Amino acid sequence: GVNDETKPARLVDKQNMNFANIGIIHALFPNALILHVVRDPMDVNFSNYKHDFMGTASDGSGQSIDYTCEMNSLAKFYINYRKSMAYWEKKLPGRVTHIRYEDLVNDFNGVAKAVISAAGLKWSPEILDFHKKKHA
């Protein structure tokens, strides 16, 4: 088992399908910070399209993420994702913290400080050196 000395104080799960799990995340972890990084739809869809996600489902099933192979499927998936996010915003107003990807790129320091604050953590300038650490 995990003892208190090795038990992590925080858990970060950055799977891109977590939007489908907001209800269960909220139910299991009512005090958890749920971050939603929003990016321009064309950028998201093109990024997914250009990567080969065949046989790369993160659940270990060996299933492919085949909706990324066709722009039509990507568009439909994106629309459903946005509908899901709108539903949860209406059902649990203010529960999800939204961050624009473009803001993160253009003002990394400011957005990083806001995220650290929203997580209830103490700011440290070393946070900005995440890329220099072996495990980030």
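Relevant structure appears above.
Cut-offs and rules
- Residues numbered from 1 in each chain as written.
- Predicted model: local features only at pLDDT ≥ 70, side-chain atom pairs only at ≥ 80, totals over all residues.
- Heavy atoms only, no water.
- Patch = residues over 30% accessible without salt bridge, like charges linked within 9 Å, V, L, I, M, F, W, Y side chains within 5 Å.
- Areas by Shrake-Rupley, 256 points an atom, 1.4 Å probe, with all protein chains shown as cover.
- Salt bridge = Lys/Arg side-chain N within 4 Å of Asp/Glu carboxyl O.
- Helix = DSSP H or I, 4+ residues; strand = E, 2+ residues; numbered from the N terminus.
- Buried < 20%, exposed > 50% of the residue type's maximum accessible area, 1.4 Å probe, protein only.
- Contact = heavy atoms within 4.5 Å.
- Phe/Tyr/Trp six-rings, centres within 6.5 Å; stacked < 30°, edge-to-face > 60°.
- Lys NZ or Arg CZ within 6 Å of the ring centre and 35° of its normal.
- Axes fitted to C-alpha atoms, helices over the stretch in contact; angles between N-to-C directions.
- Parallel < 35°, antiparallel > 145°, perpendicular 65-115°, else oblique.
- Left-handed = near helix turned anticlockwise from the far one by under 90°.
- Nonpolar A, V, L, I, M, F, W, Y, C, P; charged D, E, K, R; others polar.
- Expected span 1.5 Å × (residues − 1).
- Arc of directions from axis to C-beta.

## Here we look at a nonpolar patch on the surface
Residues Ile24, Leu28 and Phe29 make up a contiguous nonpolar surface patch of about 320 Å² in total accessible area. Its location among the elements puts phenylalanine 29 in the loop between helix H1 (22–28) and strand E1 (34–38). Looking at phenylalanine 29, the relative accessible area reads 46%, which means it is partly exposed.

## Examining the pattern of salt bridges
If you walk through the whole model with that rule in mind, you get two salt bridges. For the salt bridge of arginine 100 with aspartate 103, the shortest nitrogen-to-oxygen distance reads 3.3 Å. With relative accessibility at 34%, the residue aspartate 103 sits in the partly exposed group. With a closest N to O distance of 3.8 Å, lysine 132 and aspartate 129 form a salt bridge.

## Remarks on the environment of leucine 104
On the secondary structure map, leucine 104 appears in helix H4 (residues 101–106). Residue classification places leucine 104 among the partly exposed positions, given a relative accessible area of 25%. Considering only alpha carbons, one finds leucine 104 and valine 37, 67 residues apart in sequence, at a separation of 8.9 Å.

## Details of the side chain of asparagine 18
You can see asparagine 18 is positioned in the segment before H1. Judged by relative accessible area, asparagine 18 falls into the buried class, the value being 16%. Among all residues touching asparagine 18, those that are not within four sequence positions of it are Asp13 and Ile25.

## Focus: the packing of aromatic side chains
A complete count under the given rule lists five aromatic pairs for this structure. Here the aromatic rings of phenylalanine 19 and phenylalanine 77 are separated by 5.9 Å at their centres, their planes lie at 80 degrees, and the arrangement is edge-to-face. Of the two residues, phenylalanine 19 is situated in the segment before H1 and phenylalanine 77 in helix H3 (residues 71–91); the sequence distance between them amounts to 58 residues. Consider the rings of phenylalanine 108 and phenylalanine 130, whose centres lie 5.6 Å apart with planes at 40 degrees: the pair is tilted. Placement of the pair is phenylalanine 108 in helix H5 (residues 108–118) and phenylalanine 130 in the segment after H5, with a sequence separation of 22 residues. An aromatic cluster is built from Phe19, Phe77, Tyr78 and Tyr81, whose rings are joined through pairwise contacts. Over the ring of tyrosine 101 we find arginine 39; its NZ or CZ atom is 4.4 Å from the centre of that ring.

## Points about the packing of helix H2 (residues 41–50) against H3
Pairs of packed helices are described in terms of their axes, by the angle between the two and the distance that separates them. It is at 10 Å that the axes of H2 and H3 come closest, and there the two elements cross at 130 degrees. The angle between the axes of H2 and H3 places the two elements in the oblique class. As for the relative orientation of H2 and H3, their crossing is right-handed in sense. Of the residues in H3, those touching H2 at Pro41, Val44, Asn45, Phe46, Asn48 and Tyr49 are Met71, Leu74, Ala75 and Tyr78. Here the contact of H2 with H3 is composed, by residue class, of eight nonpolar, two polar and no charged.

## Brief notes about H3
Given 3.6 residues to a turn, an α-helix orients residues that are three or four positions apart in the same direction. Helix length check: H3, at 21 residues, gives a terminal C-alpha distance of 30 Å against a target of 30 Å (1.5 Å per residue), a fit within 8%. Those residues of H3 not exposed but buried are Leu74, Tyr78, Tyr81, Ser84, Met85 and Trp88. Down the axis of H3, the buried side of the element spans an arc of 120 degrees, and every buried residue falls inside it. For H3, the exposed residues set more than 90 degrees away from the buried face come down to Asn72, Lys76, Lys83, Lys90 and Lys91. On its buried face, H3 is in contact with H1, E1, H2 and strand E2 (96–100).

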